[in-house]
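Report on the structure
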Amino acid sequence: MRLLVVPLILGAMFAAAGIFIVARWPIMEPVTLGMMEGDAKRGAYLARSAGCVACHTDVKMGGAAMAGGAPLDTPFGRFVPPNLTPDPVHGIGDWTLDQFAVAVRQGVRPDGKAYYPAFTYEFYNQFTDQDMADLWTAFRTVPPVSVPTARHDLNFPFNLRWGLKLWRARYMTQSETTPVMAQSDAWNRGQQLVNGASHCGACHTKRGLFGGLDANAKFAGNTNLPGGSKAPSISTEDLLSRGWTVANMAYALRTGITPDGDVLGGSMAEAIAQGTGMLTEGDREAIATYLLTPSGQISVGLPTNAAASSMDSMAGMEGMAGMESGGN
């Protein structure tokens, strides 16, 4: 019996030491943006394109803008999008720009702990310092709401936050948005949106047992979205076979109406109402151009500079301060 006890004790000691080391493992890369000046209007547009408003506003329950989103029921448990208003107690009012940039681009909280990948920070890593300043400035214009966020209710072992460090080491990837000189402005802008801010792959790519995106099935669809929803394949081949064109996709991203007259529902309807429906027509066409261009083919795209190559073309785009609960 003693011969069995000693290995068990040693095993427990090594396991405890391993957990301690992982828990203390730093994952944050410091940034110093200081008091960098941002553009609230540009930041509001970026917040729409990145899904911040859609995710962190509980429209169905009449929640205030950015005061916390509807719970997300997943195979790992229930996630609750937090309050992102400037409230100093329940929101992010006591954060700094540097802490905000680390949270968005690195997925690390101000206390150094990792965020769960339900927050799509994997896709935001290529946001520039100016993007961060613009977003931060826009968020500061939102009326503060003193509403606490409910805690996540996750299954074991996913409720052990320190385990996210192991998840990050195994699954965390960098979004691919490097411009391709041979492609059109529209294609490059579409790549930037699809693989970055708009994070299309977060819903349209299935996840494995531990929540990592399946790199071998990018855009191939996902039948296991929160709440039992499904996302179809948006691979180029499948889209073309279903009759999608740049024109009718851009129209669908604005109205939710598909080429056959059906209406997009579920989480996509929310993404359109709170996100793509508020983008410029050039950006919607850019998304369609990127998704509908077969691999290895040079896109025809739009004339040079016709697609918004930045978020500077925002005629009529309202800032975030004027948003009403669930409104546009």
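The residue numbering used here restarts from 1 in each chain and proceeds along that chain's sequence as written. Per-residue local features of the predicted model are confined to residues with pLDDT of at least 70, and side-chain atom pairs are confined, for both listing and counting, to 80 or more; whole-chain, interface and lining totals are unaffected and use all residues. The side-chain values count all of the structure's non-hydrogen atoms but skip hydrogen atoms and water molecules.

**Description of the pattern of salt bridges**
Heads up, the rule is: Take a side-chain nitrogen of Lys or Arg and a carboxyl oxygen of Asp or Glu: if they are within 4 Å of each other, that pair is a salt bridge. Every helix listed is a DSSP run of H or I at least four residues long, and every strand listed is a run of E at least two residues long, numbered separately from the N terminus. Categorising residues by exposure relies on relative accessible area from a 1.4 Å probe, with only protein chains included: less than 20% of the type maximum marks a residue as buried, more than 50% marks it as exposed, and the intermediate range marks it as partly exposed.
Tallying each qualifying case throughout the model produces eight salt bridges. Arginine 42 serves as the salt-bridge partner of aspartate 131, at 2.9 Å between the closest nitrogen and oxygen. Here arginine 42 lies in helix α2 (residues 40-49) and aspartate 131 lies in helix α5 (residues 129-139), a separation of 89 residues in the sequence. No difference in accessibility class separates aspartate 131 from arginine 42, as the two residues are buried. In this structure, the salt-bridge partner of arginine 284 is glutamate 281, at a minimum N-O distance of 2.7 Å.

**Looking at the packing of aromatic side chains**
Keep this limit in mind: Think of it this way: a Phe, Tyr or Trp ring, Trp meaning its six-membered ring, pairs with another when their centres are within 6.5 Å, and the plane angle makes it stacked under 30 degrees, edge-to-face over 60, tilted otherwise.
The tally for this structure, following the rule as stated, stands at 10 aromatic pairs. Considering the side-chain rings of phenylalanine 100 and phenylalanine 139, the 5.3 Å spacing of their centres and the 70° angle between planes classify their relative orientation as edge-to-face. With phenylalanine 100 in helix α4 (residues 97-106) and phenylalanine 139 in helix α5, the pair connects residues that are 39 residues apart, well separated along the chain. Accessibility expressed as a relative area gives 3% for phenylalanine 139, which makes it buried. Centre to centre, the rings of tryptophan 187 and tyrosine 290 are 5.0 Å apart; their planes meet at 65°, and the pair counts as edge-to-face. Residue tryptophan 187 is found in helix α7 (residues 185-197), and its partner tyrosine 290 is found in helix α12 (residues 281-291); the two are separated by 103 residues along the sequence. Among the aromatic residues, those joined into a ring-pair cluster are Tyr115, Phe119, Tyr121, Tyr124 and Phe127.

**Section: the packing of α4 against α5**
The criterion, for reference: Throughout, an axis means a line fitted to C-alpha atoms (over the contacting stretch in the case of helices), and angles, computed between N-to-C directions, take values from 0 to 180 degrees. When describing relative orientation, an angle under 35 degrees is termed roughly parallel and one over 145 degrees roughly antiparallel, while 65 to 115 degrees is termed roughly perpendicular and anything else oblique. Crossing handedness: left-handed means the near helix sits turned counterclockwise from the far one by under a right angle, and right-handed means the same turn made clockwise. Note on definitions: a residue-residue contact is assigned when non-hydrogen atoms from the two residues lie within 4.5 Å. Residues are grouped as follows: Ala, Val, Leu, Ile, Met, Phe, Trp, Tyr, Cys and Pro are nonpolar; Asp, Glu, Lys and Arg are charged; every other residue, Gly included, is polar.
At their nearest, the axes of α4 and α5 sit 10 Å apart, and the two run at 110° to each other. Classified by the angle between their axes, α4 and α5 sit roughly perpendicular to one another. Relative to α5, α4 is oriented so that their crossing is right-handed. In this structure, α4 uses Leu97, Phe100, Ala101, Val104 and Arg105 to contact α5, whose residues at the interface are Asp129, Met132, Ala133, Leu135, Trp136 and Phe139. Residues of the contact of α4 with α5, tallied by class, amount to nine nonpolar, no polar and two charged.

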